[in-house]
Amino acid sequence: MERIKVSAPGKLMLMGEHSVIYGHPCIVTAVDQRMGVSIGESGDNIIRIHAPEVGLDNFSLAIQNLDTAEVPKGAKFITVGLRNFFRRFENPIGLTIDTSSEFSSQFGFGSSSAVTVGIIKGLSEFFGLSLSNRQIFDLSYQTVLDVQGVGSGFDLAAAIWGGTIYFITGGKEIKRLEVENLPMVIGYTGIKADTVSLVKKVSELRTEKPEFIEQIFSSISSLVQKGKVLLEKEDFVNFGKLMYANQELLDNLEVGGQKLSDLIYAARNAGALGAKLSGAGGGDCMIAFVDRKDKVEVENAIINAGGVIINARTGAQGVRIEK
Ligand code: PMV
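Bear in mind the structure is a predicted one, so any value in this text is a computation, not a measurement.

*Asks:* Help me understand the pattern of salt bridges in this model?
*Replies:* Between side chains of opposite charge, a pair can form when the charged atoms approach closely. Throughout the structure, instances matching the rule amount to 15 salt bridges. In this structure, the salt-bridge partner of D44 is R48, at a minimum N-O distance of 3.0 Å. On the basis of relative accessibility, which here comes to 31%, the residue D44 falls in the partly exposed class. A relative accessible area of 34% places R48 in the partly exposed class. Where K295 meets E299, a salt bridge forms, and the shortest distance between an N and an O atom there is 3.3 Å. One end of the pair is K295 and the other is E299, both in helix α9 (residues 295-304) and 4 residues apart, which spans about a single turn.

This is the structure we're talking about:
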């Protein structure tokens, strides 16, 4: 069988993180930094994986050990993805798998979700199955839950469908929004966020103060509903105001952090239309929406506050086959 290469984009959450875990909507955009996955036949019963960005350098395992192999957590998205695909669709065969990423796994751009989608889409094409986007989503989502136990799947939807998406937990609703490139500046804090422990922290807060937390979730949810309409009207001025409001609610969920706040306030003082953290919080990236005339000033303010600007276009194409 012929070697297949696919690539999937990274993502950034625009609005609705954390509450999306509890059945509320969020808005996510795909970014044009991509994860490549190539799959070929190994000719024996061995799976050979070269995926340096998730901690596997020329790693090999026998196909019958897919379930039990000791691999770094990042690489589990590959081995568990393979296992789930073989359980559901094909008899296992030996493969060689290579990944290559245009972005660092430190940014929080979703290297795990992009690699999971890349594996499932790559296998689908390699075996000539042409699985639908929905089938790819469902198998990828199962894989993410198997590996890390929690997650809404928003990042998988961005990697599969691309563009800017309105999304409800587990893919109950996945809707591409009619909006082109967003006027976004991305500031990286240099700190790695730990998504699983932040999700756990919010869940503990919710057990402690259920009414207070549910009220925050509902408020975020209504910001997302309004934000969806504003984005489709390209009303970035009013969308920006909602971003600031969402940030305050995230601070109430205690998922912010000093460095994120420094970069967000720097952007705000330099005239950003809106700014907030993107993703689980604690670190990774903040995003700001800016009027074109203020872009350089906002970027400089973020840099002066200790951030790193990452250039990436939004609304990138979803997973695709590469020639
Ligand atoms: O840390 P990230 O960028 O994967 O974002 C996490 C967003 C959460 O809502 C906290 C979790 C999720 O899966 O939706």
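Back to the write-up after that little detour.
*Asks:* What's the story with the site of the ligand in this structure? I'm lost.
*Replies:* Near the ligand there are 13 residues, and of these K11, H18, S152, T195 and A280 occur at the shortest range. Backbone polar atom of H18 to an oxygen atom of the ligand: 2.9 Å apart, as the coordinates give it. Calculation on the ligand without its partners gives an accessible area of 380 Å², and the protein chains cover 93% of this total.

*Asks:* What am I meant to see in the packing of helix α2 (residues 111-126) against helix α3 (residues 133-148) here?
*Replies:* Helix packing for two helices is described by the angle between their axes and how far apart those axes are. It is at 9 Å that the axes of α2 and α3 come closest, and there the two elements cross at 130°. The angle between α2 and α3 falls in the class oblique. Judged by the twist between their axes, the crossing of α2 over α3 is right-handed. From α2, T116, V117, I120 and K121 reach across to α3, where they touch I136, L139, S140, T143 and V144. Of the residues assigned to the contact of α2 with α3, the class counts are 5 nonpolar, 3 polar and 1 charged.

*Asks:* Can you walk me through the sheet that holds strand β11 (residues 308-310) in this structure?
*Replies:* Strand pairing in a sheet takes place through backbone hydrogen bonds and is either antiparallel or parallel in direction. Overall, antiparallel pairing links the 4 strands, which are arranged β9-β10-β8-β11 in an open sheet. Of all the strands in the sheet, just β9 (274-278) and β11 have a single pairing partner and so form its edges. Each adjacent strand pair in this sheet contributes to an overall mean axis angle of 30°, direction not counted. Sitting on the sheet, helix α7 (residues 236-252) touches β9 and β10 (285-289), and the angle it makes with β9 is about 45°.

*Asks:* Any chance you could explain the packing of helix α6 (residues 210-232) against α7 here in plain terms?
*Replies:* Two numbers describe how α6 lies on α7: the axes approach to 10 Å, and their chain directions differ by 165°. Overall, the two elements α6 and α7 adopt an arrangement that is roughly antiparallel. Seen along the crossing, α6 lies across α7 with a hand that is left-handed. Together, F212, I216, S219, I220, L223, K226, G227, L230 and L231 of α6 and F236, N238, F239, L242, A245, N246, L249 and N252 of α7 make up the contact between the two elements. Of the residues belonging to the contact of α6 with α7, the class tally is 11 nonpolar, 5 polar and 1 charged.

*Asks:* I keep staring at the environment of K200 and nothing clicks. Help me out?
*Replies:* Structurally, K200 can be placed in helix α5 (residues 195-208). On the accessibility criterion, K200 (53% relative accessible area) is exposed. For the pair K200 and K226, spaced 26 residues apart in sequence, the C-alpha separation works out to 28 Å.

*Asks:* I keep staring at the pairing of strand β8 (residues 184-188) and nothing clicks. Help me out?
*Replies:* Remember that side chains alternate between the two faces of the sheet whenever the strand is regular. Taken across its 5 residues, β8 has 5 buried, putting it largely inside the fold. Neither face of β8 is open: one carries M184, I186 and Y188, the other V185 and G187, and all of them are buried. Two strands pair when backbone bridges link them, and β8 and β10 are joined in this way by 5 bridges, in the antiparallel orientation. Following the sheet pairing, V185 is matched in β10 by A288.

*Asks:* Could you clarify how one ought to interpret α2 in this entry?
*Replies:* Three- or four-residue spacings in an α-helix give side chains the same orientation, since the helix completes a turn every 3.6 residues. Taking 1.5 Å of rise per residue, the 16 residues of α2 would be expected to cover 22 Å, and the 21 Å separating its terminal C-alpha atoms lies within 8% of that figure. Looking one or two places after α2, you find G128, whose phi comes out positive at around 70°.

*Asks:* In this structure, what is going on with the pairing of strand β3 (residues 46-51)? I would like to understand it.
*Replies:* By the alternation rule, side chains of β3 split into I47, I49 and A51, which are all buried, and I46, R48 and H50, of which none is buried. Looking at chain direction, β3 and strand β4 (residues 56-62) are connected through 5 bridges and run antiparallel. When the sheet's bridge partners are listed, I46 is paired in β4 with A62. Between β3 and β4, which pair antiparallel and follow one another directly, the connecting turn spans 4 residues, one of which, G55, has a positive phi of 85°. Bridge analysis of β3 against strand β5 (residues 95-101) gives 4 bridges, and the strand direction is parallel. Bridge pairing in β5 places I47 opposite L95.

*Asks:* For this particular structure, what's the right way to read the environment of I216?
*Replies:* Counting through the fold element by element, I216 comes out in helix α6. Since its relative accessible area comes to 5%, I216 is described here as buried. Once residues within four sequence positions are removed from consideration, I216 is found in contact with L249, N252 and L253.

*Asks:* Help me out: how do you make sense of the nonpolar core in this one?
*Replies:* Most often, soluble globular proteins have nonpolar side chains that are buried together. Core analysis: the largest hydrophobic core is formed by 59 residues, its most contacted members being F109 and F289. The element contributing the most residues to this core is α6, with 8 residues. Apart from residues no more than four positions distant in its own chain, F109 is found in contact with G10, K11, L12, V31, Q33, F103, I186, C285, I310 and A312. Counting 55 residues, the second-largest nonpolar core is a separate cluster that includes A51, V144, I160 and F167.

About the cut-offs
Residue numbers restart at each chain and count upward from 1, following the sequence in its written direction. pLDDT decides what is reported in this predicted model: residues at 70 or higher carry local features, side-chain atom pairs at 80 or more are listed and counted, and totals for whole chains, interfaces and linings draw on all residues regardless. Water and hydrogen atoms play no part in the side-chain values, which are based on all heavy atoms of the structure. Any Lys or Arg side-chain nitrogen found within 4 Å of a carboxyl oxygen on Asp or Glu counts as a salt bridge. Only protein chains enter the accessibility calculation, which uses a 1.4 Å probe. A residue is then buried if its area is under 20% of the maximum for its type, exposed if over 50%, and partly exposed in between. The helix count covers DSSP runs of H or I at least four residues long, the strand count covers runs of E at least two residues long, and both are numbered beginning at the N terminus. Put simply, a residue is near a molecule or strand once any heavy atom of it comes within 4 Å of that molecule or strand. Any N or O atom pair separated by 3.5 Å or less is treated as a polar contact, with the protein-specific requirement of one donor-capable and one acceptor-capable atom, and with residues adjacent in sequence counted only for side-chain atom pairs. We get accessible surface area from the Shrake-Rupley algorithm with a probe of 1.4 Å; when it comes to residues, only the shown protein chains can shield them. As a rule, the C-alpha atoms of each element are fitted with a line to give its axis, helices using only the stretch in contact, and angles between N-to-C directions run from 0 to 180 degrees. Between 65 and 115 degrees an angle is taken as roughly perpendicular, under 35 as roughly parallel, over 145 as roughly antiparallel, and anywhere else as oblique. Handedness of a helix crossing follows the sense of rotation of the near helix relative to the far helix, less than a right angle counterclockwise being left-handed and clockwise being right-handed. Residue contacts are counted whenever heavy atoms from the two residues lie within 4.5 Å of one another. Residues are grouped as follows: Ala, Val, Leu, Ile, Met, Phe, Trp, Tyr, Cys and Pro are nonpolar; Asp, Glu, Lys and Arg are charged; every other residue, Gly included, is polar. Two strands qualify as a pair provided that DSSP identifies no fewer than 2 bridges between them. Here, expected helix span is obtained from the residue count minus one, scaled by 1.5 Å. We define a nonpolar core as any set of buried Ala, Val, Leu, Ile, Met, Phe, Trp, Tyr and Cys residues linked to one another through side-chain atoms lying within 4.5 Å.

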